[in-house]
Amino acid sequence: MTSESQARAIKVDKSNLTDLKSACDDAVKEYLETKAGYRQSHKHTDIKLVIGYLGCAAAAAGSYYGYIHPFELPATKFWTFVSVALYYLSNILMMGYSYLVEKNTIFTGSKTTPKGTQTIALGSSVKSYNPYYDLDLRMDFDGASKSSKSKKSTHQQYSTAFRFWFDEDGVLAQDLFEADMEKFLANTEATHLD
Amino acid sequence: MNLRQILTNSLNVLMMLFGVFMSYKAWGLYTNCESPLVVVLSESMEPAFARGDILFLSNPRKAIDIGEICVFKIPGREIPIVHRVIDRHDTPKEGKQLLLTKGDNNNVDDRGLYQELYTNRGMMWIEPKDIVGRVQGFLPYLGMFTIFMTDYPLLKYALLGGVGLIVFLYE
């Protein structure tokens with residue numbers, strides 16, 4: 001082990017599945033950005049931020065309107081009702097977006113090569129009492145040439161036991177982990193870049 | 001922390017505050033009452049209500065009856081009063097009432113209170129427009145907490161800041 005990798009060693013409580021998952025999530029995100037050359041897209045976060053701040057703006061506007069106008073007026077009640085409804089709608093939309101669209105996605109990004117643009121969406125999950133890291137890898141390839149055949153997409157799933165990547169002290173073997181990630185990426189690319 | 005994380009955490013804090021505030025607004029709309037929760041500050045309604053009791057208010061459409069306990073504001077005075085209605089005169093016109101109130105623990109009715117301000121001289125009654133809400137229920141002593149925080153505002157800011165900081169720094 002070099003001093004550099006020692007300083008960055010990731011150590012977790014290996015009996016805690018959530019810790020293991022989040023350590024792997026962080027490691028795979030870093031791998032995709034620094035070594036695999038993907039540029040992270042914050043699409044999901046940004047959409048939720050916009051919805052959330054719009055809801056808060058509606059709430060603030062409605063509250064201010066109620067503050068400067070007497071409550072008894074029908075207009076005040078109407079606009080208060082509208083702002084309350086919009087605020088809760090934004091909450092529901094944010095929750096809905098997380099559960100239905102974002103799901104377990106931990107990374108979205110893309111990289112541009114001379115051949116075209118490769119988009120990736122990576123989801124991860126663990127099941128209770130099951131020490132396996134489940135990866136859900138989606139890739140979309142948009143070729144540089146304009147022909148319709150240049151668009152391809154694929155969806156692959158990989159499940160690996162945490163014991164292949166963590167030693168008995170709970171330290172993540174980054175070289176092994178990254179080698180596996182590289183293998184998964186190459187494997188997925190191969191399924192659609194035939 | 002980068003900008004996106006700061007915005008996300010700020011949104012969490014905002015949504016925590018607005019979540020409480022908008023629920024209160026929704027409750028206010030449902031009960032047709034701007035402040036559906038008030039805290040008793042005086043002992044004028046002993047033994048029914050003590051200082052620190054929380055009152056639940058609403059404004060039903062039907063006319064106010066004798067014996068009902070109302071929270072009202074005397075024109076020109078900011079602090080609302082909670083007292084019992086002891087007399088009513090209904091005018092033929094819908095929604096017009098003349099009401100007289102008195103604290104259960106006071107020896108006299110509230111006419112002295114109504115006329116305390118020079119601008120209110122000759123005011124013998126209050127009207128439904130002065131009513132903030134009509135008491136529907138109460139929780140004993142739980143409001144002591146808010147009285148305590150009003151007496152020591154620093155405590156309020158410390159509490160609010162503390163909770164905000166925890167939410168902001170929580171990932």
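All of these numbers come straight from a predicted model, not from anything done at the bench.

Peer 1: Break down the UniProt feature "transmembrane region" (unreviewed entry) in chain B for me, citing the residues and quoting the values.
Peer 2: Residue and element names in this part refer to chain B. The positions that UniProt labels "transmembrane region" (unreviewed entry) are, in the present scheme, residues 6-24 and 154-170. For residues 6-24, the end-to-end C-alpha separation is 27 Å, with 100% helix and 0% strand making up the annotated structure. The span residues 154-170 is 94% helix and 0% strand, and its two end C-alpha atoms sit 24 Å from each other.

Peer 1: I'd like a rundown of helix α3 (residues 43-68) of chain A, residues and numbers included.
Peer 2: Count 3.6 residues to each turn of an α-helix, and residues three or four apart come out pointing the same way. For α3 of chain A, with 26 residues, the first-to-last C-alpha span of 38 Å sits near the 38 Å given by 1.5 Å per residue. Turning to α3 of chain A, its buried residues number three or more, namely His44, Lys48, Leu49, Ile51, Gly52, Gly55, Cys56, Ala58, Ala59, Gly62, Ser63 and Gly66 of chain A. Looking at the packing, one finds that the buried side of α3 of chain A touches α4 (74-102) and β2 (105-113) of chain A together with α1 (3-31) of chain B.

Peer 1: Any chance you could break down the UniProt feature "domain: Peptidase S24/S26A/S26B/S26C" (unreviewed entry) in chain B for me, citing the residues and the numbers?
Peer 2: The UniProt record annotates "domain: Peptidase S24/S26A/S26B/S26C" (unreviewed entry) at residues 36-87 of chain B. As annotated, residues 36-87 of chain B has a helix share of 0% and a strand share of 37%, and its two end C-alpha atoms lie 24 Å apart.

Peer 1: Explain the side chain of asparagine 59 of chain B residue by residue, including any values.
Peer 2: Position of asparagine 59 of chain B among the secondary structure elements: in the loop between β2 (54-58) and β3 (69-72). A polar side-chain atom of asparagine 59 of chain B sits 3.0 Å from the main-chain carbonyl oxygen of valine 132 of chain B.

Peer 1: Kindly report on the state of the cysteines, identifying the contributing residues and their values.
Peer 2: Following the criterion strictly, the structure yields zero disulfides over all chains and no others. In this model cysteine 70 of chain B remains outside any disulfide bridge; the closest cysteine sulfur is found in cysteine 33 of chain B, 11 Å from its own.

Peer 1: Go over the interface of chain B and chain A with me, naming the residues and quoting the values.
Peer 2: Facing 19 residues of chain B, the contacting portion of chain A comprises 22 residues. Taken together, the two surfaces of chain B and chain A that pack against each other cover about 1,800 Å², and 71% of this comes from carbon and sulfur. In terms of surface lost to chain A, no three residues of chain B exceed Arg4, Met22 and Leu29 of chain B, which account for 33% of the buried area on that side. Taken together, chain B and chain A are joined by one salt bridge. Aspartate 46 of chain A serves as the salt-bridge partner of arginine 4 of chain B, at 2.7 Å between the closest nitrogen and oxygen. Across the contact surface, chain B and chain A share seven residue pairs in polar contact (both at pLDDT 80 or more). Per-class residue counts for the side of chain B that touches chain A are 10 nonpolar, six polar and three charged.

Peer 1: I'd like a description of the nonpolar core, backed by residues and values.
Peer 2: Burial of nonpolar side chains together is a common tendency in soluble globular proteins. Residue and element names in this part refer to chain A. Leu32, Phe166 and Leu185 are the most contacted members of the largest nonpolar core, which totals 28 residues. Mapped by element, the contributors of at least two residues to this core are α2 (17-35), β2, β3 (116-127), β4 (130-143) and α5 (174-192). Per-element tally for this core: the top contributor is α2, with eight residues. Leaving out residues up to four positions away in the same chain, leucine 32 has contacts with Gly37, Tyr38, Phe107, Ile120, Leu122 and Leu185.

Peer 1: Got a sec to walk through unusual backbone geometry? Specific residues and values, please.
Peer 2: Residue and element names in this part refer to chain B. The omega torsion of the bond from glutamate 46 to proline 47 falls at 0°, within 30 degrees of zero and hence cis. With respect to the secondary-structure elements, proline 47 resides in the loop between β1 (37-39) and β2. Positive phi values are uncommon outside glycine, yet asparagine 32 reaches one of about 60°. Here asparagine 32 is to be found in the loop between α1 and β1.

Peer 1: Would you mind going over the side chain of arginine 134 of chain B in detail, with residue names and values included?
Peer 2: Residue and element names in this part refer to chain B. Turning to its location among the elements, arginine 134 is positioned in strand β6 (residues 131-139). Judged by relative accessible area, which is 3%, arginine 134 ranks as buried. Reaching out from arginine 134, the side chain makes a polar contact with the backbone oxygen of lysine 62 at a distance of 2.9 Å. In this structure, arginine 134 is in contact with Phe56, Leu57, Ser58, Asn59, Pro60, Lys62, Ala63, Ile64, Glu68, Ile69 and Cys70, ignoring residues within four places of it in sequence.

Peer 1: Residues and numbers for the UniProt feature "transmembrane region" (unreviewed entry) in chain A, please.
Peer 2: Residues and elements named next belong to chain A. If you check UniProt for "transmembrane region" (unreviewed entry), the listed places come out as residues 49-67 and 79-101 in our numbering. In residues 49-67, the share of helix is 100% and the share of strand is 0%. The end C-alpha atoms are 26 Å apart. This span, residues 79-101, is 100% helix and 0% strand, and a straight line between its end C-alpha atoms measures 31 Å.

Peer 1: So what's going on with the sheet that holds strand β4 (residues 81-90) of chain B? Residues and values would help.
Peer 2: All names here are of chain B. An order of β1-β2-β6-β3-β4-β5 is seen for the six strands of this open sheet, with the pairing classed as antiparallel. Each edge of the open sheet is held by one strand with a lone partner, namely β1 and β5 (97-102). Within this sheet the neighbouring strands show an average axis-to-axis angle of 50°, counted without direction. Relative to β6, β3 runs antiparallel, the two sharing three bridges. Bridged to cysteine 70 within β6 is arginine 134.

What counts, and where the lines are drawn
- Residues numbered from 1 in each chain as written.
- Chains lettered and ligands numbered in written order.
- Predicted model: local features only at pLDDT ≥ 70, side-chain atom pairs only at ≥ 80, totals over all residues.
- Heavy atoms only, no water.
- UniProt positions renumbered as here; feature names shortened; annotations may be inferred.
- Helix = DSSP H or I, 4+ residues; strand = E, 2+ residues; numbered from the N terminus.
- Expected span 1.5 Å × (residues − 1).
- Buried < 20%, exposed > 50% of the residue type's maximum accessible area, 1.4 Å probe, protein only.
- Contact = heavy atoms within 4.5 Å.
- Polar contact = N/O pair within 3.5 Å; in protein donor to acceptor, adjacent residues only side chain to side chain.
- Disulfide = S-S within 2.5 Å.
- Buried area = accessible area lost by both parts, 1.4 Å probe.
- Salt bridge = Lys/Arg side-chain N within 4 Å of Asp/Glu carboxyl O.
- Nonpolar A, V, L, I, M, F, W, Y, C, P; charged D, E, K, R; others polar.
- Core = buried A, V, L, I, M, F, W, Y, C linked by side-chain atoms within 4.5 Å.
- Pairing = 2+ DSSP bridges.
- Axes fitted to C-alpha atoms, helices over the stretch in contact; angles between N-to-C directions.

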